[in-house]
Amino acid sequence: MKSISNCHRAILQWYRHHGRNFPWRRTKDPFRILVSEVMLQQTQVSRVLQKYPPFLRRFPTLSRLALASQADVLRAWQGMGYNNRAVRLHLLAKKVRKEFNGRLPGAITDLQSLPGVGRYTAHAVACFAFRQHVPVVDTNIARVLSRLLPRQRADLWSLAERVLPSRKAYDWNQALMDLGATVCTASNPRCD
């Protein structure tokens, strides 16, 4: 466990100095964090940085999104690709408005009951929007964990839960994402 504590300390310190600065990291609004997570699915961060602000100007709240027409949502989404994400996000907003009094739920099981929300997105929203102490596993985190602990045979979600520090889950998960995206990359990794 001492080596894991050292790893926590080193990665969190690296993150304090090298963490990326994104608009969705400067908000605690669950809706805005959800929008970023949906946009970031299979889309380059640079593209999301362009489309995220105008989309949120058009639909600043979950309620406004729920009341919009699907055609308006698709127009605002134009240029992001994978339009089914926009359709599901719109359906999600309608369901939240109807079944959760317009407030995005914080419970992972409730989040996973929403259109287009799988395990990753539910955990990401729970951690990043509601500051819950839960692991998050995306492609970057999976790569970092696989390289940090190559001899582990457990599935990556179990491994992520086991190495989650007792505090600072938000920072830890963001740090692993940034480390995987910028240093411990798929090609030409510099994470040795």
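What counts as what
- Residues numbered from 1 in each chain as written.
- Predicted model: local features only at pLDDT ≥ 70, side-chain atom pairs only at ≥ 80, totals over all residues.
- Heavy atoms only, no water.
- Helix = DSSP H or I, 4+ residues; strand = E, 2+ residues; numbered from the N terminus.
- Rg over C-alpha atoms; globule rule 2.2 N^0.38 Å.
- Contact = heavy atoms within 4.5 Å.
- Areas by Shrake-Rupley, 256 points an atom, 1.4 Å probe, with all protein chains shown as cover.
- Lys, Arg positive; Asp, Glu negative; His and termini not counted.
- Charge placed at Lys NZ, Arg CZ, Asp CG, Glu CD.
- Buried < 20%, exposed > 50% of the residue type's maximum accessible area, 1.4 Å probe, protein only.
- Axes fitted to C-alpha atoms, helices over the stretch in contact; angles between N-to-C directions.
- Parallel < 35°, antiparallel > 145°, perpendicular 65-115°, else oblique.
- Nonpolar A, V, L, I, M, F, W, Y, C, P; charged D, E, K, R; others polar.
- Left-handed = near helix turned anticlockwise from the far one by under 90°.
- Phe/Tyr/Trp six-rings, centres within 6.5 Å; stacked < 30°, edge-to-face > 60°.
- Lys NZ or Arg CZ within 6 Å of the ring centre and 35° of its normal.

**Q** Even after reading the chapter, I still don't get the overall build of the protein, so can you show me in this structure?
**A** Of the regular secondary structure elements, the protein holds eleven helices and zero strands. The C-alpha radius of gyration of the protein comes to 17 Å, within 12% of the 16 Å expected for a compact globule of 192 residues. With respect to the principal axes defined by its C-alpha atoms, the protein has extents near 55 × 30 × 30 Å. Of the contacts formed within the protein by residues at least 6 apart in sequence, a portion of 59% connects residues at least 24 apart. Put simply, the protein shows about 10300 Å² of open surface, and 49% of that area lies on carbon and sulfur atoms. Positive and negative side-chain charges in the protein, numbering 31 and 11 respectively, have mean positions lying 4 Å apart.

**Q** Help me out: how do you make sense of the side chain of T121 in this one?
**A** For T121, the location among the structural elements is in helix α8 (residues 119-128). The class of T121 is buried, set by a relative accessible area of 4%.

**Q** Teacher, can you tell me more about α8 here?
**A** For the α-helix, the turn length of 3.6 residues means that residues three or four positions removed from each other point alike. Across the ten residues of α8, nine count as buried, placing the element largely inside the fold. Every buried residue of α8 is accounted for by Y120, T121, A122, H123, A124, V125, A126, C127 and F128. On its buried side, α8 packs onto α2 (30-40), α7 (108-112), α10 (156-163) and α11 (169-182).

**Q** Help me understand the packing of helix α9 (residues 139-148) against α10, please; the structure alone is not making it clear to me.
**A** The angle between the axes and the distance between the axes are what describe a pair of packed helices. Interhelical geometry of α9 versus α10 gives an angle of 75 degrees and a closest axis separation of 10 Å. Considering the angle they form, α9 stands roughly perpendicular to α10. Only L156, L159, A160 and V163 of α10 make contact with α9, whose side of the interface consists of A142, L145 and S146. Grouping the amino acids of the contact of α9 with α10 by side-chain chemistry returns six nonpolar, one polar and no charged.

**Q** Help me understand the packing of α2 against helix α3 (residues 45-58), please; the structure alone is not making it clear to me.
**A** The N-to-C vectors of α2 and α3 enclose an angle of 140 degrees; their axes lie 10 Å apart at closest approach. If you check the angle between α2 and α3, you find them oblique. Judged by the sense of rotation from one axis to the other, the crossing of α2 with α3 is right-handed. Together, F31, R32, I33, V35, S36, M39 and L40 of α2 and V45, V48, K51, Y52, F55 and L56 of α3 make up the contact between the two elements. Its residues assigned to classes, the contact of α2 with α3 comprises ten nonpolar, one polar and two charged.

**Q** Looking at this structure, I do not really get the packing of aromatic side chains. What am I missing?
**A** The geometry of an aromatic ring pair comes down to the distance between the two centres and the angle between the two planes. Going through the model one piece at a time under the given rule, you end up with five aromatic pairs. Here the aromatic rings of F55 and W77 are separated by 5.6 Å at their centres, their planes lie at 85 degrees, and the arrangement is edge-to-face. Separated by 22 residues along the polypeptide, F55 in helix α3 and W77 in helix α5 (residues 70-77) bring together distant segments of the chain. Classification of W77 by relative accessible area gives buried; the value is 0%. Aromatic rings pair up to connect F22, W24 and Y52 into one cluster. The ring centre of Y170 lies 4.0 Å from the NZ or CZ of R131, which sits over that ring.

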